[in-house]
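Architecture at a glance
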There are 2 protein chains.
Amino acid sequence: MMQVETDDTIHKLKQSLLAARGEIPPNLVLKGGSLINVFTREIYETDVAISDGIIIGVGRYDGPVTLDVRGKFICPGFIDGHFHIESSMLTPPELAKAVLPHGTTAIVADPHEIANVLGPPGIRFMLDESLHLPVDFFFMLPSCVPATHLETSGAVLTARDLMTFSSDPRVLGLAEMMNYPGVVAGMEPVLEKIAAFANKIRDGHAPLLSGRDLNAYIGSGIGSDHECTEEEEAREKLRLGMHVMIREGTQAKNLKTLIPIVSDATVQHCSLVTDDLHPHDLLSRGHLNHLIDRAQEEGLDPILAVMMVTINTARYFGLKNIGAVAPGYQADVLILSSLNPVSVETVFKRGVRIFDRKEWTCDMPFRHGAEGIGPMNPAPYRPDSFSIRREGENVRVIGLIPDQILTDARIIGAPVQDGLVVADPERDIAKIAVLERYRATGNIGLGLVQGFGIREGSIASSVSHDSHNIICVGCSDEDMYLAVKTVEAMRGGIAVVRKGRVEASLALPVAGLMSGRSLEETAHGWHMVDRAAKVLGCRQREPLMELSFLALPVIPSLKITDRGLVDVLQFTHVPLFVS
Amino acid sequence: MMQVETDDTIHKLKQSLLAARGEIPPNLVLKGGSLINVFTREIYETDVAISDGIIIGVGRYDGPVTLDVRGKFICPGFIDGHFHIESSMLTPPELAKAVLPHGTTAIVADPHEIANVLGPPGIRFMLDESLHLPVDFFFMLPSCVPATHLETSGAVLTARDLMTFSSDPRVLGLAEMMNYPGVVAGMEPVLEKIAAFANKIRDGHAPLLSGRDLNAYIGSGIGSDHECTEEEEAREKLRLGMHVMIREGTQAKNLKTLIPIVSDATVQHCSLVTDDLHPHDLLSRGHLNHLIDRAQEEGLDPILAVMMVTINTARYFGLKNIGAVAPGYQADVLILSSLNPVSVETVFKRGVRIFDRKEWTCDMPFRHGAEGIGPMNPAPYRPDSFSIRREGENVRVIGLIPDQILTDARIIGAPVQDGLVVADPERDIAKIAVLERYRATGNIGLGLVQGFGIREGSIASSVSHDSHNIICVGCSDEDMYLAVKTVEAMRGGIAVVRKGRVEASLALPVAGLMSGRSLEETAHGWHMVDRAAKVLGCRQREPLMELSFLALPVIPSLKITDRGLVDVLQFTHVPLFVS
């Protein structure tokens, strides 16, 4: 409900009117920059006046405090329309610190991973930790927790659970509805979630969905998709009214394929988003600045690229006061010394110069060192908990496909030693285990994976989509035990073990997903465990990321959860041994 | 507050999903039409499936009920983003009936005129009368009632009055903020209204406002403008983030001048609107169809023109389910046999074929013959109430400028007879009077007007912007008395009197503004009074319209209200006699 505004609001409005008219001096005037105008798609020279965190004038302005930005670009702050904070392994304050220097001033986050671990308190944690930061964090509520009934997650989120957050002004709607088969089939608990957010934004996630099923999915109220991998797919989605988020993250890189869909006619319905961005990518490439650069490399007009990380994203989400440099907008303004490639020289957040020429220029309330949170409660286990007794000749084995999260389902003769199924490095076969970590059920899914490259030792991680139990790959039960034990002792993280010794570890005590430390420390830790994993024989680009997706039973073909192997296409558990 | 949806909602969603997937037949399939896609700006052949009033599929569809639309266009229903219902002199049901055959399926109305007459009950009347019609009526709440302190209106609307309507889902925000000087000067009651609707849409009205003042106006939260008359003016407003409504109505015609601002880059921020449309225009040209035709005559791509009366307007107002033909949208669909000029063959409203080949094909709940409402309560008056005693040599006279609502302020020697100031047809000088009609104050403003053309008799009208007291122009006190008496007896309307006889009259008993009758009857009545006025000597194109603006004291230079002559530039009353 609206109410007649307080005297204070009116007073502030009056002050900004006076400043806009030049009757009192603005706090700051940016003089003579080349404004990137995302409404008219022009670049032209102008001044920008700012007072009380708001852009109050664009035109000819003067004042006692000016910044000469002649020869530079004045650009709205960047907005990421779909990002999983957890993928950065940083808590919101550390993430804010990591992305601000690259021009990001707002993020629409889907706290899907922490919600799988902690449920509503996980969402609450993200909301609380991201308050009062120099990056605005908005949230879409995870729509699919747990991802399937074939695993044990830390929580189950119903429509009613989600709605407890719906009145928060930073909650914009329902996050990526991955269960598109459930939507299209009319499953009630799924439709309930969609219906509950009828007045808000409902994001989609529907890879390759097309034709009538796509019509059904969109007709249910889903407004966007960030899973397009083919040009024709994206064109069909645009035609049916979807906002297409072109994704370019650490894992999925769709920009090159999809840029051809962006034209003067369609651009308003397109955004650039990252989805997932790992700490080493954040450190080496930055954030949305890199996406604008990539789009330009593919031949896109830079103004259209900027629109896709500013006004288009803001308008899709109904965010009225960010995404442009115009009167009444929040003064989230970047000064770019170059547009191709993007070079961010200065960042203003709500009118405050927060970052300038590679230095922080303002004490912003970054909080450090979040305490460990979240359950780390597996049932007791021992080295022989990882043993697999031989119960047949042939076994199902997860066949890795390099650099993909899709897997093959293979059947091979079981490698056996002393009546136990064991790793067979000669055939690039390792053991794999998933331990339930929330409620001490004692669930351990055991199996084999081929093509992971590991020739000795073990790697364990509490990052294992989407339920984030402890996943472990290895060649010996003892090393697997030690790797899991190390992860448990850290209250979450990644550990690499070789010959009974912990070679490297990265602690992720915040829900088993985030470090609570700075980007630099986190990226360094990631680098160490990545390198140690490669010493064990892994040749793929991102062994730890591949490991983290082996427990995701919505991506074909064969996966493993704490409750055993999953035939994804049949959407059911299957035994290790083929009868 | 949202709540978990009822079983009924879920059931409906399920049914539409099944129909979208082709598992149950849709209610209707439009086969093989050329879809005007307002998202991708393409036209291509496709089917459109409709069930339960919703578009459920666009692609290949079949069903037991089909309509062959090959060779024709499938187009979203048209939306007028700024319209004063009262200008049509029709009540909402009659207006709906008048515009539907021309393809209009939604109107965003500003009940500014009736609000001046009746206050909140006038707004309530419009809301109630426009419910459950085959045109969706949305409302913006009048921001400037009364227009000035220099007149007596039927009501005064404060921020608090307006807010009593703000929870109505058809109330979208605050209507055209005409008091731009008040905004820019920071007048508190004005800012209160703007602040009260901070979460809704706030329309602007700021002719020729520019530079710092325009920045201030926009920064206060105003999102649109429909008063641009110059190309550069419109470009400046676009650059500063305004949604520019290009107006082409009965009175103001800005389309030709402003079409050059519409490009592939800017079109999303532009709409076409009518503002005012008189019954004879509605009858002869239709509604938004005419605007699309005009835009094409000026060289605009027809798809861009269609966008400006569909998706662009819907998106500006945050209306998510109208403005496009795509899954999930309300099935407001037009079949056009031609796009240039627009020829509407069939109109579907919420999936119902309501109009087809010039005939109504469905009983829609049009209500007829609204009862007279609204005050008609002038104090007693006699013929000599219109007499002006001579009190000096020279008088101020309102100088008409042909076909404009601007006037000159002239000073002339008073025409006198028997000690009274009288009309002087030789110099084209007539008497003019405005009688307060709400509270029997007995206020009568008396003066002279030059250039109106009237040589004998009198014309009186209860349509006199914005306070809508009874305005009367004439050459004899007796005829003026009779004309006003006739208007009073009709409880509002227009009367033309000559030599003691009523030559023609149009009853407007609904608030003194609307006829309560059909378009045809209303336009006929208008035609009769217009013709009769011309018999009295009026040579201008629209004498009745010119008369109705002579009491509007916000348009320079000299105007008249029930409280006397107004020097608009001084914003104060001035005496008739020049001392």
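Residues numbered from 1 in each chain as written. Chains lettered and ligands numbered in written order. Predicted model: local features only at pLDDT ≥ 70, side-chain atom pairs only at ≥ 80, totals over all residues. Heavy atoms only, no water.

1. Comments concerning the pattern of salt bridges
- In total, this model carries 78 salt bridges over all chains according to the counting rule given.
- B:Arg239 is the partner of A:Glu42 in a salt bridge, and the nearest nitrogen-oxygen pair spans 3.0 Å. Of this pair, A:Glu42 sits in strand S2 (residues 42-51) while B:Arg239 sits in helix H9 (residues 231-239), each in a different chain.
- Assessed through its relative accessible area of 30%, B:Arg239 is described here as partly exposed.
- Salt bridges sharing partners connect three or more residues here, namely A:Lys72, A:Glu345, A:Arg353, A:Asp356 and A:Arg357. (Salt bridge = Lys/Arg side-chain N within 4 Å of Asp/Glu carboxyl O. Helix = DSSP H or I, 4+ residues; strand = E, 2+ residues; numbered from the N terminus. Buried < 20%, exposed > 50% of the residue type's maximum accessible area, 1.4 Å probe, protein only.)

2. Re the relation of the copies chain A and chain B
- Superposing chain A onto chain B takes a rotation of 180° plus a shift of 0.0 Å along the axis, which leaves an RMSD of 0.1 Å. Such a combination of rotation and displacement between the chain copies is what one expects of a two-fold axis. Within chain A, the C-alpha atom positioned nearest to the axis of rotation is that of A:Asp264, 3.2 Å from it.
- Both copies present the same face, since 100% of the interface residues in chain A are matched by interface residues at the equivalent positions in chain B. (Least-squares fit on C-alpha atoms with pLDDT ≥ 70 in both. Contact = heavy atoms within 4.5 Å.)

3. Points about unusual backbone geometry
Residues and elements named next belong to chain B.
- For the bond running from Val145 to Pro146, omega is -5°, close enough to zero to count as cis.
- Looking at the element boundaries, Pro146 is found in the loop between strand S8 (136-141) and helix H5 (159-163).
- The residue after Pro556, namely Ser557, is reached through a cis peptide bond having omega 5°.
- Tracing the chain through its elements places Ser557 in the loop between helix H17 (543-549) and strand S29 (558-561).
- Even without a glycine there, the phi angle at Arg491 is positive, about 60°.

4. Description of the environment of B:Ser505
Residue and element names in this part refer to chain B.
- Mapped onto the fold, Ser505 is located in strand S28 (residues 501-507).
- Classification of Ser505 as partly exposed rests on a relative accessible area of 35%.
- For the pair formed by Ser505 and Met490, sequence separation is 15 residues and the distance between their alpha carbons is 9.0 Å.
- Beyond its immediate stretch of four places on either side in the chain, Ser505 contacts Thr486, Met490, Ile494, Ala495 and Val529.

5. Looking at the side chain of A:Ser271
All names here are of chain A.
- Take Ser271: it is sitting in strand S13 (residues 270-273).
- Among the residues examined, Ser271 registers a relative accessible area of 0% and is labelled buried.
- Not counting residues within four places of it along the chain, the set of residues in contact with Ser271 comprises His243, Val244, Met245, Ile246, Met308, Asn312 and Thr313.

6. With respect to the packing of helix H1 (residues 7-20) of chain A against helix H8 (residues 211-219) of chain B
- Following both chains from N to C, one finds H1(A) and H8(B) inclined at 160°, their axes separated by 8 Å at the closest point. The angle between H1(A) and H8(B) falls in the class roughly antiparallel. The element H1(A) and its partner H8(B) pack so that their crossing is right-handed. Packed against H1(A), whose contacting residues are A:Leu13, A:Leu17 and A:Ala20, the element H8(B) presents B:Arg212, B:Asn215, B:Ala216 and B:Gly219 at the interface.
- Partitioning the contact of H1(A) with H8(B) into residue classes produces four nonpolar, two polar and one charged. (Axes fitted to C-alpha atoms, helices over the stretch in contact; angles between N-to-C directions. Parallel < 35°, antiparallel > 145°, perpendicular 65-115°, else oblique. Left-handed = near helix turned anticlockwise from the far one by under 90°. Nonpolar A, V, L, I, M, F, W, Y, C, P; charged D, E, K, R; others polar.)

7. A closer look at the interface of chain A and chain B
- Facing the 64 residues of chain A at the interface are 65 residues of chain B.
- Carbon and sulfur atoms supply 60% of the area that chain A and chain B bury against each other, a total of about 5,800 Å² over both sides.
- Scanning the region where chain A abuts chain B turns up six salt bridges.
- Remark: the boundary between chain A and chain B carries 18 residue pairs in polar contact (both at pLDDT 80 or more).
- Put simply, the parts of the chain that give the side of chain A that touches chain B at least two residues each are H1, S2, strand S3 (54-59), helix H5 (159-163), helix H6 (180-184), helix H7 (188-196), helix H8 (211-219) and helix H9 (231-239) of chain A. (Buried area = accessible area lost by both parts, 1.4 Å probe. Polar contact = N/O pair within 3.5 Å; in protein donor to acceptor, adjacent residues only side chain to side chain.)

8. With respect to the sheet that holds strand S9 (residues 171-177) of chain B
All names here are of chain B.
- Here five strands make up an open sheet; going across it, the order is S6-S7-S8-S9-S10 and the pairing parallel. In this open sheet, the two strands that pair with only one neighbour each are strand S6 (78-83) and strand S10 (201-204). Averaged over all pairs of adjacent strands, the angle between strand axes in this sheet comes to 25°, irrespective of strand direction.
- In this sheet, S8 lies alongside strand S7 (residues 104-109) in parallel orientation, the contact comprising four bridges. Note on S8: the bridge partner recorded for Val108 is Phe138. (Pairing = 2+ DSSP bridges.)

9. So, helix H7 (residues 188-196) of chain B
- Buried residues of H7(B): B:Val190, B:Leu191, B:Lys193, B:Ile194, B:Ala195 and B:Ala196, and no others.
- At its buried positions, H7(B) is contacted by H1 of chain A together with H5, S9, helix H6 (180-184) and S10 of chain B.

10. A short note on the nonpolar core
- One finds A:Leu30, A:Ile459, B:Leu30 and B:Ile459 to be the most contacted residues of the largest nonpolar core, which totals 315 residues.
- Ignoring sequence-local partners within four residues, the contact set of B:Leu30 consists of B:Thr46, B:Asp47, B:Val48, B:Ile50, B:Leu67, B:Val69, B:Ile74, B:Val333, B:Ile335 and B:Phe348. (Core = buried A, V, L, I, M, F, W, Y, C linked by side-chain atoms within 4.5 Å.)

11. Some points on the sheet that holds strand S11 (residues 224-225) of chain B
- Taken together, the three strands give an open sheet; going across it, the order is S11-S12-S13 (chain B), and neighbouring strands pair in parallel fashion. A single partner strand is all that each edge strand has here, and the edge strands are S11 and strand S13 (270-273) of chain B.

12. Details of H9(A)
All names here are of chain A.
- Those residues of H9 not exposed but buried are Glu233, Ala234, Lys237 and Leu238. The arc that holds every buried residue of H9, seen down its axis, measures 135°, which confines them to one face.
- Where H9 is buried, its residues meet H8, strand S11 (224-225), strand S12 (243-247), helix H10 (255-258) and S13.
- Positioned one or two residues after H9, Gly241 has a phi angle of 95°, which is positive. (Arc of directions from axis to C-beta.)

13. Some details on the packing of aromatic side chains
- What the rule picks out here adds up to 10 aromatic pairs over all chains.
- Aromatic side chains A:Tyr316 and A:Phe317 sit 4.7 Å apart centroid to centroid with 75° between the ring planes, which places their arrangement in the edge-to-face category. As far as burial versus exposure is concerned, A:Tyr316 and A:Phe317 are alike and both buried.
- Put simply, the rings of A:Tyr381, A:Phe386 and A:Tyr481 pair up and form one aromatic cluster.
- Across the ring face of B:Tyr61, the terminal group of A:Arg212 is positioned such that the distance to the ring centre comes to 4.9 Å. (Phe/Tyr/Trp six-rings, centres within 6.5 Å; stacked < 30°, edge-to-face > 60°. Lys NZ or Arg CZ within 6 Å of the ring centre and 35° of its normal.)

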